[in-house]
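Topology and contacts: notes
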Amino acid sequence: MGHLRTLLFLLGALGALADICNIPEVESTLVHRLGQHLLPWMDQLSLQQLNPSIYVGLRLSSLDAGAKEALYLHSLKLNYQQSLLGSASSDDNSDFQVKPSMGQLALYLLALRANCEFVGGHKGDRLVSQLKRFLEDEKMAIGDNHKGHPHTSYYQYGLSILALCVHQKRVHDSVVGKLLYATEHDHHLHQGHLSVDTMAMAGLAFTCLKRSNLNPDQRHRITLAIRTVQERILKAQTPEGHFGNVYSTPLALQFLMTSHAHGMELGTACLKAGAALLASLQAEAFQNVLMISQLLPVLNHRSYVDLISPNCLAPRVTLEQATETPSQSQDPEVIHVILKVPSVWPPYSHSISVPAGSSLEDVLKKAQELGGFMYGTQPSLSGPYLTSVMGNEAGEREFWQLVRAPDTPLQQGIADYRPKDGETIELRLVIW
């Protein structure tokens, strides 16, 4: 009888493990090395370079950047409040200063909460009102019949609801309803495929709303939507273990870690994803600061939902600057990359020679220096975003897609992707 009880206990424990999402512990040296990638970015304190996601990621991680963190938060407050709320000293150049986007404002509110601050006071109320107006404008763009689209994206829409939620700021049921409808009707699509990071962000927003009970009349729909997001993300797992792709996996895991999933092999899927992430970390696949800032909380078993009640006294390990090893002086290897733009007339196609290890952005710069090619970018939290090629600006619901020939869309941006010798890269203007 005692053996039977033990067997039943073990089976019950295994069943419980299958209902929750955990990933294996990652070696501390790998986590530390990942965090070190953020330190140089924390020295860039202009409005265009500041990235609230860096601060949020570090505060939810096991790493402590010490005085750099305090200075970075101070710079965020100074620049964001001056840009968004205005000041007497900034009137002269206000026309030339690019204001933070809705998504950047939402991340700034997350950064304040990561420091255990509730947004408040006259300035705080104005910031909240701005974000709520953003959401109202997006709701109007989507329309009563849901045939329209947000001016930005459903990702930023969900992020904004999440940011207000962790500050206990309620948004109207009709605003939440647009995100619920998009989830219920597969509107989280990009090029006909599920956008895992957009779906995960919606799931994080719904989880926060459910835990905070800010929209009680929508509670049943919110609960069903959380279940829908879980199912779709789990179905998007690749044979290698990633959810969607390697770069959408951290945000997917943040969401999956927040809740149980009865009747789904959640535990197994998360263990497989954790193993895939470990392999990617060992291969140094994570170089982009936005992706790193989303991954660090996962490696500390935290998510953005933990900002409902952040633990600002949790012990963290001091993050040390990486020591540079002197490189041996030798002539760098030169690689040749074929750059194509098939959508212009005449079609552009040239072989560009750059040093090995160069980014795609370096290739574009070299092509522009050689003449016959030009491009434009705009800054974003994940790096420079390609907006125009050969004078052709991407219009509404268009973007310049980066494709490795013959037909493999790149998962990284122009600053992060490093072409190999002999590769052909195509720039395609596509509709999404």
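Rules of the game
- Residues numbered from 1 in each chain as written.
- Predicted model: local features only at pLDDT ≥ 70, side-chain atom pairs only at ≥ 80, totals over all residues.
- Heavy atoms only, no water.
- Helix = DSSP H or I, 4+ residues; strand = E, 2+ residues; numbered from the N terminus.
- Contact = heavy atoms within 4.5 Å.
- Disulfide = S-S within 2.5 Å.
- Buried < 20%, exposed > 50% of the residue type's maximum accessible area, 1.4 Å probe, protein only.
- Pairing = 2+ DSSP bridges.
- pLDDT = per-residue confidence, 0-100.
- Axes fitted to C-alpha atoms, helices over the stretch in contact; angles between N-to-C directions.
- Parallel < 35°, antiparallel > 145°, perpendicular 65-115°, else oblique.
- Left-handed = near helix turned anticlockwise from the far one by under 90°.
- Nonpolar A, V, L, I, M, F, W, Y, C, P; charged D, E, K, R; others polar.
- Core = buried A, V, L, I, M, F, W, Y, C linked by side-chain atoms within 4.5 Å.

Remarks on the overall build of the protein chain
Counting secondary structure elements, the protein chain contains 14 helices and 12 strands. For the protein chain, restricting intrachain contacts to residue pairs at least 6 apart in sequence, the fraction spanning at least 24 positions comes to 70%.

A short note on the state of the cysteines
If you walk through the whole model with that rule in mind, you get 3 disulfides. In this model, Cys165 is linked to Cys208 through a disulfide, with the two sulfur atoms separated by 2.0 Å. Between Cys165 and Cys208, the S-S torsion sits near -100°, and that sign places the bridge as left-handed. Of this pair, Cys165 sits in helix α7 (residues 154-166) while Cys208 sits in helix α9 (residues 196-212), and the two are 43 residues apart along the sequence. Among the residues examined, Cys165 registers a relative accessible area of 0% and is labelled buried. What makes Cys208 buried here is its relative accessible area of 0%. The connectivity of the disulfides in the protein chain is 1-5, 2-6, 3-4, where the numbers refer to bonded cysteines in sequence order.

Thoughts on the sheet that holds strand β7 (residues 375-378)
The sheet built from 3 strands is open, its strands ordered β7-β8-β9 with antiparallel pairing. Among the strands making up the open sheet, the edge pair consists of β7 and β9 (392-393). Here β7 pairs with strand β8 (residues 385-389) via 4 bridges, running antiparallel. Considered in β8, the bridge of Tyr375 is made with Val389.

Some words on the side chain of Asn215
Positionally, Asn215 belongs in the loop between α9 and α10 (219-235). By relative accessible area, Asn215 is classed as buried at 2%. Once residues lying within four places of it in the same chain are set aside, the contact partners of Asn215 are Arg170, Val171, His172, Asp173, Val176, Leu209 and Ile222.

Considering the confidence of the model for the protein chain
Considering every residue of the protein chain, the mean pLDDT works out to 88; 89% of them sit at 70 or more. Of the regions scoring below 50 in pLDDT, residues 6-16 engages in 0 contacts with residues more than four places distant in sequence or in other chains. Throughout residues 88-96 the model reports pLDDT below 50, and contacts reaching past four residues in sequence, or to other chains, amount to 2 contacts.

Comments concerning the side chain of Gln254
Along the polypeptide, Gln254 turns up in helix α11 (residues 249-256). Those residues within four positions of Gln254 in sequence are excluded, and the remaining contacts are Leu204, Gln294, Pro297, Val298, Arg302, Ser303 and Tyr304.

Focus on the environment of Lys272
Within the secondary structure, Lys272 sits in helix α12 (residues 266-282). A relative accessible area of 39% means that Lys272 is categorised as partly exposed. Put simply, Lys272 and Gly241 are 31 residues apart on the chain and 5.1 Å apart in space, counted from C-alpha to C-alpha. The residues touching Lys272, leaving out its near neighbours within four places in the chain, are Gln237, Thr238, Pro239, Glu240 and Gly241.

Describing the packing of helix α4 (residues 67-85) against helix α5 (residues 102-114)
Remark: α4 packs on α5, axes separated minimally by 11 Å, with the N-to-C direction vectors making an angle of 140°. By the criterion of interaxial angle, the relationship of α4 to α5 is oblique. As α4 runs across α5, the sense of the crossing is left-handed. Residues Leu73, Leu76, Lys77, Tyr80, Gln81 and Leu84 of α4 touch α5, and the partners they reach there are Gln104, Leu105, Tyr108, Ala111 and Leu112. Of the residues assigned to the contact of α4 with α5, the class counts are 8 nonpolar, 2 polar and 1 charged.

A look at the nonpolar core
Grouped together as the largest cluster of nonpolar side chains are 104 residues, with contacts concentrated most on Ile233, Phe243 and Phe286. Sequence-distant contacts of Phe286, defined by excluding residues within four places in its chain, comprise Leu34, His37, Val246, Tyr247, Pro250, Leu277, Ser280, Leu281, Met291, Ile292 and Leu295. Membership of the second largest hydrophobic core comes to 23 residues, among which are Ile335, Leu339, Phe373 and Ile425.

Looking at the pairing of strand β10 (residues 398-404)
Counting buried positions along β10 yields 5 of 7 residues, so the element is predominantly enclosed. Bridge analysis of β10 against strand β11 (residues 408-409) gives 2 bridges, and the strand direction is antiparallel. Paired with Arg404 across the strands is Thr408, a residue of β11.

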